[in-house]
Amino acid sequence: MVTVNSTVRVLCPKLLRPRKDPGLQWLIGSPFFPPFTIVSPFRCIHTLENSFSPDYTKESEDVRLLLLKGFDVIGAFISGSSDSSKTARDAINAALQLRKLLSSGRDLGNQDIIGAVAVPDSGDVQFFVSRGGNLSSVESLASVVYEDNSEKYIWESGCLVRCQLPIKLPFCVPLSNSSDAEKMYTHAIEAAAAQFKDSQVVYVVESLREKSSEVPGPIILRGKELDFDTDILDVKLVDKENPQDSDAKMLTCRDFCWKNKSASMVISAENADIFQVSILFNRSEKSTKTRVPMAEYFPALEDARLLVVDFELDVLCYASKDLSVRSAISNLIIPGLVDQLHSMKKLILPDLLTPHLQLHCYHFNPPGLLHPITVIYELNYGETELKQVEIRRSLHMRLGLPFDRPLLRVANALDFSLTKDISGSNLRRKGNSLLKDVHIGIPNSGVSGGIVSLVQGSYDYHHYLQDGFDDSGWGCAYRSLQTIISWFRLQHYTSTEVPSHREIQQALVDIGDKDPSFIGSRDWIGAIELSFVLDKLLGVTCKIMNVRSGAELPEKCRELAMHFENQGTPIMIGGGVLAYTLLGVDYNESSGDCAFLILDPHYTGNDEHKKIINGGWCGWKKAVDSKGKNFFLHDKFYNLLLPQRPNMV
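Rules behind the numbers
- Residues numbered from 1 in each chain as written.
- Predicted model: local features only at pLDDT ≥ 70, side-chain atom pairs only at ≥ 80, totals over all residues.
- Heavy atoms only, no water.
- Helix = DSSP H or I, 4+ residues; strand = E, 2+ residues; numbered from the N terminus.
- Buried < 20%, exposed > 50% of the residue type's maximum accessible area, 1.4 Å probe, protein only.
- Polar contact = N/O pair within 3.5 Å; in protein donor to acceptor, adjacent residues only side chain to side chain.
- Salt bridge = Lys/Arg side-chain N within 4 Å of Asp/Glu carboxyl O.
- Core = buried A, V, L, I, M, F, W, Y, C linked by side-chain atoms within 4.5 Å.
- Expected span 1.5 Å × (residues − 1).
- Contact = heavy atoms within 4.5 Å.
- Patch = residues over 30% accessible without salt bridge, like charges linked within 9 Å, V, L, I, M, F, W, Y side chains within 5 Å.
- Areas by Shrake-Rupley, 256 points an atom, 1.4 Å probe, with all protein chains shown as cover.
- Axes fitted to C-alpha atoms, helices over the stretch in contact; angles between N-to-C directions.
- Parallel < 35°, antiparallel > 145°, perpendicular 65-115°, else oblique.
- Nonpolar A, V, L, I, M, F, W, Y, C, P; charged D, E, K, R; others polar.
- Phe/Tyr/Trp six-rings, centres within 6.5 Å; stacked < 30°, edge-to-face > 60°.
- Lys NZ or Arg CZ within 6 Å of the ring centre and 35° of its normal.
- Pairing = 2+ DSSP bridges.

> Outline the environment of Arg131, supporting the account with residue identities and numerical values.
By the secondary structure assignment, Arg131 is in the loop between strand S7 (125-130) and strand S8 (138-146). Given the relative accessible area of 30%, Arg131 is considered partly exposed. Taking the C-alpha atoms as reference, Arg131 lies 7.4 Å from Asn110; in sequence the two are 21 residues apart. Of the polar contacts made by the side chain of Arg131, one reaches the side chain of Ser6; its length is 3.5 Å. At 3.1 Å, the side chain of Arg131 forms a polar contact with the side chain of Asp112.

This is the structure in structure tokens:
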């Protein structure tokens, strides 16, 4: 075994240890990084029936869709054995097989492939390389560097390029021979894909960030100005400092990126530099010849049925900032559109002659993954429907994500509609933002030696008179419910919008708890009704804590503290004459002294944080204050609604 001095650079925080998961993993890199730079691992989740061998066809279909153009499979990671070099060859051979399918017939050239092997006893990882994919010559790599600041490594030198393209695809199917539908459909797909490379197609390139003198305005390129024959791995980066470079005046991706960013901006995919490519298929151009409009007529030889399939393509790519814009379009965007079009084609094909699926692309960057991925979801199914759950579960398995929290739901998708300036400040957001997490920064509770247990995560503050709706005197429980549902939204357990009072009433009528006359009324609701609505709209279960008197609430502090530690959801306190939202408790188990962090929905003023805190609308309340006044009434009962955090993907 020959050892070479080349260095492997590992950007991912950790490789998934095969002692816990002995399966094969694909190693992801990028042609824009130095050789042997590993960005992330993807688990192999498809194997042949009655075999541990990968199902390369299914794996290639999944990986081709998930992986942004600008990243590629550069190797494989597999469990070790007594013969590390043999195991490394097996890993390299698997990566070669997958790469051939991912290349779609493109010449891979003499590219080096990494084989990583975990030593069975220690769990240490050894790295090997096959020069030019030659399995007869496998060399051990001498050193390994684990990068400390991986996000900085990726996003200071790279950016995102996005292209959204709606396509209507009409085609005719003979009524007497519906079996020809697949053939006609495939032909229409190929024709649409070929249009991307038409010489007269127009590509408009513009920044997605706030306009600035640093970033040029939109530029226009035509298909005839692009080079579609260049292999992405051989794309030449532009060197603007070299005056002899013939491409010195060519615009690069860097020209559409901010030059001076605030040092306080968080380096991440969501804050990455990004620009957009729009495609226009109008083929009109200036001509010296006089022309008139033309229409072509293709007569059908028999009765036929017209089918129209709608595609909403949404491609996200990763590019070096020194890559020319032309290369980004021809070698990243266009191949990405073609691959996504074919992926959607396969999903639609089984239901081609029936009402077709509603497919939508989403981009995610879950915790632990250094780069975004792309997923296609069927919108025909609700997020709690079993098929969608199984799709997300398989994605969690491939990416090594936990199975007890939602990380790939629609609400988790990257939102590029948010515009930021170079300081990282939000300049614009869809919709009106409510105050979030108003309890942060409030004075201490005054409990000596207590342990504070608080709501986990973010919530919106909903209170009387918001949205121009007058619910003063009767809507406090509705507002508390809206705050609770906002918590589930902001923690990405659901993409369901926070319901209005009328929608809450409609939900109770739909389940049969209320009569139709309840809709539009000003009737109060309590903890039981809130539990029904949470189950109906979100599929969330709740526990109900019954307290006979306000004097007994301090006795429940230990149980409430456990709720905030284990579940972390806001609690609604109902019963008596008012409803509140409970955000935490401060409890001294030895002395019994305690305080309740109350968010009061009865506030009617403007959303000013200082005014809310100074007015006591969010703050610590003791059961009996220093003046002997009881916050919770002793002659009233209370029901506490404790929503349970779902264990779900």
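> Describe the pattern of salt bridges, naming the residues involved and giving the relevant values.
Taken as a whole and judged by the stated rule, the model has 24 salt bridges. When the shortest N-O distance is used, the salt bridge between Arg479 and Asp467 registers 4.0 Å. Of this pair, Arg479 sits in helix H7 (residues 476-490) while Asp467 is found in the loop between strand S18 (451-454) and H7, placing the two residues twelve residues apart along the sequence. On the basis of relative accessibility, which here comes to 1%, the residue Arg479 falls in the buried class. Ionic pairing is found between Glu589 and Arg558, a salt bridge with its closest N-O pair at 3.1 Å. Placement of Glu589 in the loop between strand S21 (580-587) and strand S22 (594-599) and of Arg558 in helix H10 (residues 557-566) is noted, with a sequence separation of 31 residues between them.

> Got a sec to walk through the nonpolar core? Specific residues and values, please.
With 102 residues, the main nonpolar core has Trp26, Phe311 and Leu337 as its most contacted residues. For this core, the element with the most residues is helix H5 (residues 325-348), which contributes eleven residues. Formed by 43 residues, the second largest nonpolar core is a distinct cluster that contains Tyr459, Trp487, Ala527 and Ala595.

> Describe in detail unusual backbone geometry, supporting the description with residues and values.
At Leu465, a residue that is not glycine, the phi angle is positive and equals roughly 70°. According to the relative accessible area criterion, Leu465 is partly exposed, its value standing at 36%. Phi angles above zero are rare outside glycine, and His492 is one such case at about 65°. Topologically, His492 is positioned in the loop between H7 and helix H8 (501-510). With relative accessibility at 28%, the residue His492 sits in the partly exposed group.

> Account for helix H9 (residues 527-538), with residues named and values stated.
The terminal C-alpha atoms of H9, which comprises twelve residues, lie 16 Å apart, in line with the 16 Å expected from a rise of 1.5 Å per residue. Within the sequence span of H9, burial applies to Ala527, Glu529, Leu530, Ser531, Val533, Leu534 and Leu538. Along its buried surface, H9 packs onto H7, H8, strand S19 (542-547), strand S20 (571-575) and strand S24 (638-643). Downstream of H9 by a residue or two, Gly539 has a phi angle that is positive, lying close to 70°.

> Describe a nonpolar patch on the surface, listing the residues and the values that go with them.
Taken together, the side chains of Ile511, Ile528, Phe532 and Ile544 make up a nonpolar region of the molecular surface, amounting to roughly 290 Å² of accessible area. By secondary structure assignment, the location of Ile511 is in the loop between H8 and H9.

> Requested: an account of the packing of H8 against H9, with residues and values cited.
Running from N to C, H8 and H9 point in directions that differ by 85°, and their axes come no closer than 9 Å. In terms of axis orientation, H8 runs roughly perpendicular to H9. Contacts between H8 and H9 involve Ile504, Ala507, Leu508 and Asp510 from the former and Glu529, Phe532, Val533, Lys536 and Leu537 from the latter. Its residues assigned to classes, the contact of H8 with H9 shows six nonpolar, no polar and three charged.

> Talk me through the packing of aromatic side chains; I want residue IDs and the actual numbers.
Following the criterion strictly, the structure yields 23 aromatic pairs and no others. With a centroid separation of 5.6 Å and an interplanar angle of 40°, the aromatic rings of Phe171 and Tyr185 are classed as tilted. Of this pair, Phe171 sits in strand S9 (residues 158-174) while Tyr185 sits in helix H4 (residues 181-195), placing them 14 residues apart in sequence. For Tyr185, a relative accessible area of 0% corresponds to the buried category. Both rings, one in Phe364 and one in Tyr377, keep their centres 6.0 Å apart while their planes meet at 55°; by these two values the pair is tilted. Here the residue Phe364 occupies a position in strand S14 (residues 359-364), and Tyr377 occupies one in strand S15 (residues 373-378), the gap between them amounting to 13 residues. A relative accessible area of 0% means that Phe364 is categorised as buried. Residue class for Tyr377 comes out buried when judged on its relative accessible area of 2%. Pairwise contacts between aromatic rings join Phe32, Phe33, Phe71, Tyr153, Trp155 and Tyr318 into one cluster. Seen from the ring of Phe518, Lys514 lies directly overhead, with NZ or CZ sitting 5.3 Å from the centre.

> Tell me about the pairing of strand S2 (residues 25-29), and please be specific about residues and values.
Burial of S2 is extensive: five of the five residues sit out of reach of the surface. Side chains Gln25, Leu27 and Gly29 project from S2 onto one buried face, and the interleaved Trp26 and Ile28 project onto a second face that is buried too. Where S2 and strand S4 (residues 40-43) come together, four bridges link them in antiparallel fashion. Residue pairing in the sheet places Trp26 in a bridge with Phe42 of S4. Bridge count for S2 against strand S5 (residues 72-79) is five bridges, and the pairing is antiparallel. Within S5, the position partnered with Trp26 by the bridge is Ala76.

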